[in-house]
Amino acid sequence: MTVTRHPPPERTTIDLESNLCRQWSKQMRLVFLDLHCDEQPAPENGAVKVTGEMFGDTAAYTCKDGYWLSGNRDRVCQGDATWSGKQPECKLKIGCELQFFVSA
């Protein structure tokens, strides 16, 4: 008579789950490695500093003197390969200078 030992069902299930998790994790890493957002152009009369174009990277926007930033100052490359928020613009500051004249 031959006795064949089988692992307990719990162990088989755990091994199966961890194997599936490893396979899923490997597939997700491949997806994230290929995921990138489009290049971010600098706004007219401004600049952009980008840390990269991969998931989680950021873009920070600034404007030249005399202009103000309309829109998101910082954007993040998201999991759907788009940048968060909207592309900002640099708009001309319009100010009024008041001059006072003192008469003697």
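Residues numbered from 1 in each chain as written. Predicted model: local features only at pLDDT ≥ 70, side-chain atom pairs only at ≥ 80, totals over all residues. Heavy atoms only, no water.

(A) Structural detail: the state of the cysteines. Taken as a whole and assessed by the stated rule, the structure comprises two disulfides. In this model, C37 is linked to C77 through a disulfide, with the two sulfur atoms separated by 2.1 Å. One quick way to see it: the torsion about the S-S bond of C37 and C77 is about 95 degrees, and its sign makes the bridge right-handed. Placement of the pair is C37 in the loop between α1 (9-34) and β1 (46-50) and C77 in the loop between β4 (74-76) and β5 (89-92), with a sequence separation of 40 residues. Judged by its relative accessible area of 1%, C77 is buried. Each disulfide pairs two cysteine sulfurs, and for C63 the partner residue is C90, the sulfurs being separated by 2.1 Å. Its torsion about the S-S bond being -90 degrees, the disulfide of C63 and C90 is classed as left-handed. You can see C63 sitting in strand β2 (residues 58-63) and its partner C90 sitting in strand β5, a full 27 residues away along the chain. (Disulfide = S-S within 2.5 Å. Helix = DSSP H or I, 4+ residues; strand = E, 2+ residues; numbered from the N terminus. Buried < 20%, exposed > 50% of the residue type's maximum accessible area, 1.4 Å probe, protein only.)

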